[in-house]
Amino acid sequence: MITITHYLVLSAILFTLGVVGVLIRRNAIIIFMCIELMLNAVNISFVAFAHYLNSMQGQLFVFFTMTVAAAEAAVGLAIIVAVFRNKETVNIDDINIMKW
Amino acid sequence: MLNLVALILLFPLIGTAINGLIGKNLRKETVGYVACGAIGLSFFVSILVFIGLLLLPPDARLFEKQLFSWIESGSFKSAAGLQVDPLSTIMILVVTGVGFLIHVYSIGYMHSDKGYHRYFCYLNLFTFSMLLLVLSNNFLLMFIGWEAVGLCSYLLIGFWFEKKSASNAAKKAFVVNRVGDFGFALGIMLIFLTFHTIDFTEVFSAASHGNFAAGNFTITIITLLLFMGATGKSAQIPLYTWLPDAMEGPTPVSALIHAATMVTAGVYMIARCNVLYMLSPFTMTVVASIGAVTALFAASIGLVQNDIKRVLAYSTISQLGYMFVACGVGAFTGGIFHLMTHAFFKALLFLGSGSVIHALSGEQDMRKMGGLRHHIPTTYKTFLVGTIAIAGIPPFAGFFSKDEILLESLVRGNFIYWAIGALAAFFTAFYMFRLLFMTFHGESRVEHHVAEHLHESPKNMTLPLTVLAILSFFGGFLGIPGASAISNFLSPVFGERGHAEISGTEAGVHHNAWLPYLMMVVSTVIAIAGIYLAYQMYIKKPELPKKLAERFSLIYKLLLNKYYVDEIYDALFVNPTKIMAVQLWKRVDALMIDGSVNGIARLVGWFGNTLRYLQTGYIRNYAFYIVVGCICIIVYVALGK
């Protein structure tokens, strides 16, 4: 029997993977994908709760999240492409011109 | 005519404004005319006021003019008001009259100075301040004048401020006067606390209507504090040290401020407050004693000084001492009379010395003078008159006033005052004739290149000398014993107190009618003895002074170095203050205040510098902090349940 706990644990594992990925990776695209991973981990919890509570609201929010994630992917990838054209790298340690 | 009194103040103020604001662009003649014209007009109005006062009956000779209400704060009221009475009238006549002559003299004396307009601006401002001092009808306005003359004195002593010694002398005068003014200000505050008013008329009527017994403690403190101010301004022991140094200023300034007018402010103030002083026998004793000691002390220093102006400076201190003796024994008329005659002959002597210095291209050392009487005859003749007047030979002015003081000090005071005064008079006659002989008689010791330029001063310098010489000769007739015009004139101010009690009884002392005449003879003999001694030492046997100096080298050195008072003050007050100031600067200011301020800044800087490393600029570090924060919150919430 798969209970809500399993879903939530899976969500937490995916979210943690996303966080750790954001914190330790250098490649901008991978960081970007980790952010997507975190968003989708949250989506899993939303769907699980929606099912468990018999409410459509959770599923509704997933659509919002996916919309935001799509928009973010479009903008974010465009920025990364623009940065790559300028600096020939997507290593975020090299993209530090705003630093003091 | 009495209503015109405000004009007396206005003219010098206008002169100051014109010369101070646009004097730089005016021609020299115009500057001189403006300054002299201002004082001349002032003098003219003073005469009108004097005539106006004479037209009133003697008992009604008190006129007050309220200009505007000045300070009103709670129960404290002070109006800017002027007071015309016989005492202030004599003072304004002396200040504007002698002041006018000195202004005229200054045109010649200062003609080649580049600070010409500045000089006349200050001189007019001084005259204004002095007139304010003597005309005000309350203590506070008087204090304003009192401080303003101090300021002008400072500005004019330091007139040649490029010279280090001049600017030092100016500072010394200012600081020493500050000590006295501190007492004066306290005295005024105490007057307000005691009488609840600072108006002269109200204070004196309250004091004279028997609310205070003689010897009242508060009155004694008040009068002593006021006298402290007087010792500063009028150069008495212990605050006299600034006056000899004040000779660094231009000579006409020495004549006007440091001989004729400003330094007599203390005498005027005590005479003005005679009601208060009479209530305190203790203060009177202090005043007379300090006056007597100062008279002798300064005269003894004057015996051996070689700088012509310094001799005159010590002579001034000594003569001021006489005036305080007169006030201290209650003979206020005598004090004011001597103030007046002293203004004439001392201004004459200073201007004469200025003329000598002018002729010798700036030489002030009497050892480099001598035999000048043929070269500058007008100066010599007028100087001779002044010297005889100060020495006290009848019928010159100084004789009458000094004789009156000596007589009064014997009759009202005691034998000691008289003896000290007589000894000081002997010294005075000696050192003044020593000065005269060293400067004008004997062999010329003038340096060769200076001797070539020897010349008599121009007309505008010799004319004031002549006028002052005439005044020094005739001034004394105002106070002939028995028929003293000045004593009658002043009697409304001093009442019976200030009268010259020539014959009759005073305080239970019976004395004979022949005493005044005896005293006159004695005074004259003393003066002649002094002159004879000076003649013997400096004309007949010029080698004698040197022998005496070697014989009594200890005393000679002591006198020449002015009893080392400056050195003692340096050791006792000046250097400890300096050391304290340096310590305050280095320890308190630099170390503690600057240290704490800089320390706080440095601490903040260090803190920021350290915290700076938190702000790496790496997004993941910030994200990490966020995650750590989130975990903390989750743990807290989880544990909280």
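Note that the structure is predicted; figures quoted are calculated from it, not measured.

Before going further, it helps to examine the overall build of chain B. Each helix and strand in chain B was counted, giving 26 helices and four strands. Counting only C-alpha atoms and orienting by the principal axes, one finds that chain B spans roughly 120 × 70 × 55 Å. Considering only contacts in chain B between residues 6 or more positions apart, those separated by 24 or more positions represent 81%. Counting every atom, chain B has about 26900 Å² of accessible surface; 70% of that belongs to carbon and sulfur.

On a plain count of helices and strands, chain A comes out with three helices and zero strands. Beginning at the N terminus, the succession of helices and strands in chain A can be written as α-α-α. For a compact globule of 100 residues, the expected C-alpha radius of gyration is about 13 Å, and chain A comes in at 17 Å, more than 25% above that figure. Taken along the three principal axes of its C-alpha coordinates, chain A extends 50 × 25 × 25 Å. In chain A, which comprises 100 residues, the proportion classed as buried is 26%. Long-range pairs, those at least 24 residues apart, make up 56% of the contacts in chain A between residues at least 6 apart in sequence. If you sum the accessible surface of chain A, you get close to 7000 Å²; carbon and sulfur atoms cover 73% of it. Both charge centroids of chain A, one from 5 positive and one from 5 negative side chains, sit 5 Å from each other.

For the rest of this paragraph, the subject is the pattern of salt bridges. Residues and elements named next belong to chain B. One pass over the full model with this rule turns up 12 salt bridges over all chains. Among the ionic pairs, E29 bridges to R27, the shortest N-O distance being 3.1 Å. R178 is the salt-bridge partner of E147, the closest N and O atoms lying 2.7 Å from each other. Highlighted residues: E147 in helix α5 (residues 139–157) and R178 in helix α6 (residues 164–195), separated in sequence by 31 residues. On the basis of relative accessibility, which here comes to 28%, the residue R178 falls in the partly exposed class. Several salt bridges converge on common partners, so that one network encompasses K172, D245, R310 and D566.

Moving on: the pairing of strand β2 (residues 76–84) of chain B. Residues and elements named next belong to chain B. Summarising burial for β2: seven of the nine residues are buried, a large majority. For strand β1 (residues 63–73) and β2, the ladder comprises nine bridges, and the chain directions are antiparallel. Bridge pairing in β2 places F68 opposite A80. Counted between consecutive antiparallel strands, the loop separating β1 from β2 contains two residues, among which G74 sits at a positive phi close to 60 degrees.

Before going further, it helps to spend a moment on the nonpolar core. The biggest cluster of nonpolar side chains holds 194 residues, and the ones touching the most others in it are M130(B), F139(B), M269(B), I270(B) and L276(B). Among residues more than four places away in sequence, those in contact with F139(B) are I188(B), I191(B), I198(B), F200(B), V203(B), F204(B), L226(B) and C273(B).

Across the chain, the bulk of peptide bonds are trans and the bulk of non-glycine residues have phi less than zero. Residue and element names in this part refer to chain B. Residues I237 and P238 are joined by a peptide bond in cis, for which omega reads 10 degrees. Position of P238 among the secondary structure elements: in the loop between α8 (217–233) and α9 (242–245). Looking along the chain, the bond that leaves P394 and enters P395 is cis, with omega of 0 degrees. When you line up the elements, P395 lands in the loop between α16 (377–391) and α17 (397–411). One non-glycine residue, S361, lies in positive phi territory at about 55 degrees. Counting through the fold element by element, S361 comes out in the loop between α15 (332–359) and α16.

Looking now at the state of the cysteines. All names here are of chain B. Tallying each qualifying case throughout the model produces zero disulfides over all chains. Left unpaired, C152 is separated from the closest cysteine sulfur, that of C121, by 8.7 Å. We classify C152 as buried; its relative accessible area is 0%. In this model C630 remains outside any disulfide bridge; the closest cysteine sulfur is found in C632, 9.1 Å from its own. Overall, the relative accessible area of 37% leaves C630 in the partly exposed class.

How big an interface is tends to be stated in terms of accessible area lost as the parts join. With eight residues of chain A at the contact, the number on the chain B side is nine residues. Of the roughly 800 Å² buried where chain A meets chain B, counting both sides, 63% is carbon and sulfur surface. The interface formed by chain A and chain B includes zero salt bridges. The interface formed by chain A and chain B contains zero residue pairs in polar contact (both at pLDDT 80 or more). Here the residues of the side of chain A that touches chain B are counted per class, giving five nonpolar, no polar and three charged.

Criteria and thresholds
Residues numbered from 1 in each chain as written. Chains lettered and ligands numbered in written order. Predicted model: local features only at pLDDT ≥ 70, side-chain atom pairs only at ≥ 80, totals over all residues. Heavy atoms only, no water. Helix = DSSP H or I, 4+ residues; strand = E, 2+ residues; numbered from the N terminus. Contact = heavy atoms within 4.5 Å. Areas by Shrake-Rupley, 256 points an atom, 1.4 Å probe, with all protein chains shown as cover. Rg over C-alpha atoms; globule rule 2.2 N^0.38 Å. Buried < 20%, exposed > 50% of the residue type's maximum accessible area, 1.4 Å probe, protein only. Lys, Arg positive; Asp, Glu negative; His and termini not counted. Charge placed at Lys NZ, Arg CZ, Asp CG, Glu CD. Salt bridge = Lys/Arg side-chain N within 4 Å of Asp/Glu carboxyl O. Pairing = 2+ DSSP bridges. Core = buried A, V, L, I, M, F, W, Y, C linked by side-chain atoms within 4.5 Å. Disulfide = S-S within 2.5 Å. Buried area = accessible area lost by both parts, 1.4 Å probe. Polar contact = N/O pair within 3.5 Å; in protein donor to acceptor, adjacent residues only side chain to side chain. Nonpolar A, V, L, I, M, F, W, Y, C, P; charged D, E, K, R; others polar.

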